[in-house]
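# Close look at the chain arrangement
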Amino acid sequence: MPRWGMAADLDRCTGCGACVVACHAENNISTVGAEQAAVGRAKHWLRVERYWEGDFPDVRLKFRPVMCQQCDNAPCEPVCPTYASHHTDEGLNAQVYNRCIGTRYCANACPYNVRFFDFFNPSWEKPLQLQLNPDVSLREVGVMEKCTFCVQRIKGVQIQARAEDREVGDGEIQPACVQSCGARALVFGDLEDPESLVSRLSRSPRGSKLLEDLGTQPKVNYLSRQSQV
Amino acid sequence: MSHPTGARINSDLLRPLFQTSWRFFLLVAIFGGIVGLGLVTWMAQVYRGYGVTGIRWPVYWGFYITSFVFWIGISHAGTLISAILRLVNAGWRRPVTRCAEVITVFALMIGALFPIIHLGRPWLAFWLFPYPSERLIWPNFRSPLVWDFFAINTYLVGSVLFLLLPIIPDFAVVRDKSTGLRRKIYGALALGWRGTPKQWHRLETAIQIMAVAIIPVAVSVHTVVSFDFSMAPVPMWNTTIFGPYFVAGAIFSGIAGLLIAMAVLRKFLHLEDYLHPVHFENLGKLLLVMALLWGYFVFNERLVTYYGNEPAEMAVFWRTQQESFAPLYWTMVIGNFVLPLILMGIRRFRTITGCVIASIGVIVGMWLERFLIIVPSLGHKYLPYSFGIYRPTPTEIIIAGATFAAMTLLYVLFAKFVPIISIWELKAGEHPSPTLVPPATEEQLGELHL
């Protein structure tokens, strides 16, 4: 059974935001408009956090792409009263939209704040409604949604591989953010396979996990920034 | 000041049932209107989408959950006053118990509405029921929200029983004094009460059983409510003190609610001969004890956090102590601690007016306490990039406000249809007889021995 994980090389991340756009397009994440976004209702399953370090003029800008960390010990899962938020066999924190009743407890329990609530029924500015992905269900008002590691792509490749009677190759599955990353800062793969690129990167001494001390056992590895530029 | 007896008790306490003044209709119209407005506002929220509230990323709980905890807290009035005072057989409890038990039932009903109002998809709230569905999906018994569901329902059933049992003889009194349809209705409610020694004995035993049973249930309810917070890895939430802190706060606000209700009833139903200043003074002393207990818990919580010096917790700590939430925080401290301490601690101020002022301070303070537990922590979790604010919208303010009108409306209606002071218990207090006071010896207890 695979165990899906990701590595994010912060040395490579330029903060361009292509991953954010790709995520929105792939996962049918509705845009909420400038007004609602200003209130704090924007839904970015993946966001690029910007942190400034130092005092002017010696200022350094740091980027950190933050998506659901797919924790092995996820605080969002036990608190859901309806099992909408649950753990899959492949280690993903799945969210069953149709089972969600909108208590928003999972989002409160999540230390990374990567869960987003649908405050209204989804709508898209024309002509964005023409690019909806048929593989991903739309979410109605009142449910939580979050990064799935593009589970539809994972399943698609697995089904294809099974039909062709072969194993899924390393790097064959690419979530939208990984695929769109021009600097190849994001790497996705099976952490159970010690030879996969993501496993090798995760063993790097530069690696660390976000808020690891909370005991959530996240599956996203951040390779710390070393360049001085 | 006189101590009325016999027929005067009947006529005084049954007067609101048989005489209806225009003021009753005015009250019902005003408070009913406000409740209706709240209902329409909620329907508008469901229709237009949850976005009409002020909830936003990352503060996903706000006014509704604050009000939920607040009302469940108020509901603890009935348990403490009634059950404990019954068990210790405090004589002065007699005119107070029913006012208190009614608060429990109504505040629970109102409080239990909020988890549904706050749901993103309230039409699916029944998924919390463990019903056998064709998909064989059960609720997640690891979730504190499911524990809430069971705890609150248990408490609601228990407190309704605890309220209704001592009303049975009073329903019979109303039945005997009325005619026509009213006689039929109250006759059905009186469950065939004839006042035989056997019936009295069973009633007393049942009340005793309920009084014992309801106390652990009440303690568990607010502990489980506190688990909603303490089970999540959120700064300032994940603490062991929350269980007893919430229970103490609940009883505290419950006593305050009871004092206000009693003062209003005394004034409007002219119950000066039944609710004496001594009742207020005794409850005022209880309020003082709870204020000290509350202060002790807050001091503990704050000092331990401060010495623990965990960065994420300290950020929330300073937010409430000194920064943006400081005005609310210090209002809470004054309302919950300073005001009751001065007004209830100094005998000269422990009057009915003093009790009411202190109680209003406590009600405001306890509401703020829940708000200050929820919002500052959620807006200030670990990653600075995802810090956020919360600002309620009129929708939330109207709905939260309408529940106060709902409480008043339910209370007014209850006082209209049921004697708000227990007639038989008052009479029993005048003429204690072996069958009317809780049985003390083996022979009196008989087969239903506790």
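What you are looking at is a predicted structure, and each value in this text was computed from that prediction instead of being measured. (Residues numbered from 1 in each chain as written. Chains lettered and ligands numbered in written order. Predicted model: local features only at pLDDT ≥ 70, side-chain atom pairs only at ≥ 80, totals over all residues.)

The next subject is the overall build of chain B. For chain B, the helix and strand inventory stands at 17 helices and 0 strands. In summary, chain B has a C-alpha radius of gyration of 23 Å against a globular reference of 22 Å for 450 residues, a match within 12%. Dimensions of chain B along its principal axes, counting C-alpha atoms only, are 70 × 60 × 50 Å. Going through the 450 residues of chain B one by one, you find that 45% of them count as buried. (Helix = DSSP H or I, 4+ residues; strand = E, 2+ residues; numbered from the N terminus. Rg over C-alpha atoms; globule rule 2.2 N^0.38 Å. Buried ≥ 20, exposed ≤ 12 C-beta atoms within 10 Å, placed from the backbone.)

Take the interface of chain B and chain A next. On the side of chain A, 33 residues touch chain B, which itself brings 34 residues to the contact. Residue contributions to the side of chain B that touches chain A peak at 3 residues, all from helix α6 (residues 144-164) of chain B. Considering only residue class, the side of chain B that touches chain A consists of 23 nonpolar, 7 polar and 4 charged. (Contact = placed C-beta atoms within 7 Å. Nonpolar A, V, L, I, M, F, W, Y, C, P; charged D, E, K, R; others polar.)

Our next topic: the pairing of strand β1 (residues 4-9) of chain A. Residues and elements named next belong to chain A. Counting buried residues along β1, 6 of its 6 residues qualify, which places the element largely inside the surrounding structure. Along β1, one buried face is formed by W4, M6 and A8 and the opposite face, lined by G5, A7 and D9, is buried too. Direction of pairing for β1 relative to strand β8 (residues 186-190): antiparallel, over a ladder of 5 bridges. From the neighbouring strand, A7 faces β8, where its bridge partner is V187. The pairing of β1 with strand β10 (residues 220-223) spans 4 bridges and is classified as parallel. Looking at β10, one finds that D9 is bridged to L223. (Pairing = 2+ DSSP bridges.)

Here we take up the confidence of the model for chain B. Residue and element names in this part refer to chain B. The predicted model of chain B averages 90 in pLDDT, with 94% of residues at 70 or higher. Counting interchain partners and residues more than four positions distant, the pLDDT-below-50 stretch residues 433-450 has 20 contacts. Listed scores for the predicted complex are pTM 0.92 and ipTM 0.92. (pLDDT = per-residue confidence, 0-100.)

All names here are of chain B. Along the polypeptide, Y47 turns up in helix α2 (residues 22-48). By the C-beta count within 10 Å, which is 8 here, Y47 ends up exposed. C-alpha of Y47 to C-alpha of I397: the two residues are 350 residues apart in sequence and 18 Å apart in space.

Turning our attention to the nonpolar core. Membership of the largest hydrophobic core comes to 182 residues, with the highest contact counts inside it found for L186(A), C99(B), I103(B), F252(B), I255(B), L258(B) and L287(B). Setting aside its immediate chain neighbours within four residues, L287(B) contacts I255(B), A256(B), L259(B), P340(B), M344(B), A358(B) and V362(B). (Core = buried A, V, L, I, M, F, W, Y, C linked by C-beta atoms within 7 Å.)

Below, the discussion takes up the sheet that holds β1(A). With mixed pairing, 4 strands are arranged side by side in an open sheet as β8-β1-β10-β9 (chain A). At either margin of the open sheet sits one strand with a lone partner, and together these are β8 and β9 (207-208) of chain A.

Residues and elements named next belong to chain B. Contact geometry for helix α4 (residues 76-87) and helix α9 (residues 197-230): axes closest at 9 Å, N-to-C directions at 140°. By the criterion of interaxial angle, the relationship of α4 to α9 is oblique. As α4 packs across α9, the resulting crossing turns out to be left-handed. Along the contact surface, α4 presents H76, T79, A83, I84, R86 and L87, while α9 presents I207, A211, V212, I214, I215, A218 and H222. Residues of the contact of α4 with α9, tallied by class, amount to 9 nonpolar, 3 polar and 1 charged. (Axes fitted to C-alpha atoms, helices over the stretch in contact; angles between N-to-C directions. Parallel < 35°, antiparallel > 145°, perpendicular 65-115°, else oblique. Left-handed = near helix turned anticlockwise from the far one by under 90°.)

In this section: the environment of R175(B). Residue and element names in this part refer to chain B. Its place among the elements puts R175 in helix α7 (residues 168-177). Taking the C-alpha atoms as reference, R175 lies 38 Å from I399; in sequence the two are 224 residues apart. With residues up to four places along the chain from it excluded, the contact list for R175 reads R183, Y186, G187 and A190.

As a further point, take the packing of helix α11 (residues 277-308) of chain B against helix α14 (residues 352-378) of chain B. Think of two packed helices as two axes; the pair is described by the angle between the axes and how far apart they sit. All names here are of chain B. One can describe the packing of α11 onto α14 by two numbers: an axis separation of 9 Å at closest approach and a directional angle of 35°. α14 is crossed by α11, and the crossing has left-handed handedness. Across the interface between the two elements, P277, F280, L283, G284 and L287 of α11 pack against I352, C355, A358 and V362 of α14. The residue inventory of the contact of α11 with α14, partitioned by class, reads 8 nonpolar, 1 polar and no charged.

Let's shift gears to unusual backbone geometry. The peptide bond linking K126(A) to P127(A) adopts the cis configuration, its omega dihedral lying at 5°. Within the element layout of this structure, P127(A) appears in the loop between β6 (115-117) and β7 (144-146). For the bond from W57(B) to P58(B), the omega torsion is -5°, close enough to zero to count as cis. Counting through the fold element by element, P58(B) comes out in the loop between α2 and α3 (63-74). At Q70(A), a position not held by glycine, the phi torsion is positive, near 45°. Mapped onto the elements, Q70(A) comes out in the loop between β3 (60-66) and α3 (76-79). Despite not being glycine, F149(A) shows a phi value in the positive range, around 60°. Relative to the helices and strands, F149(A) resides in the loop between β7 and α5 (151-163).

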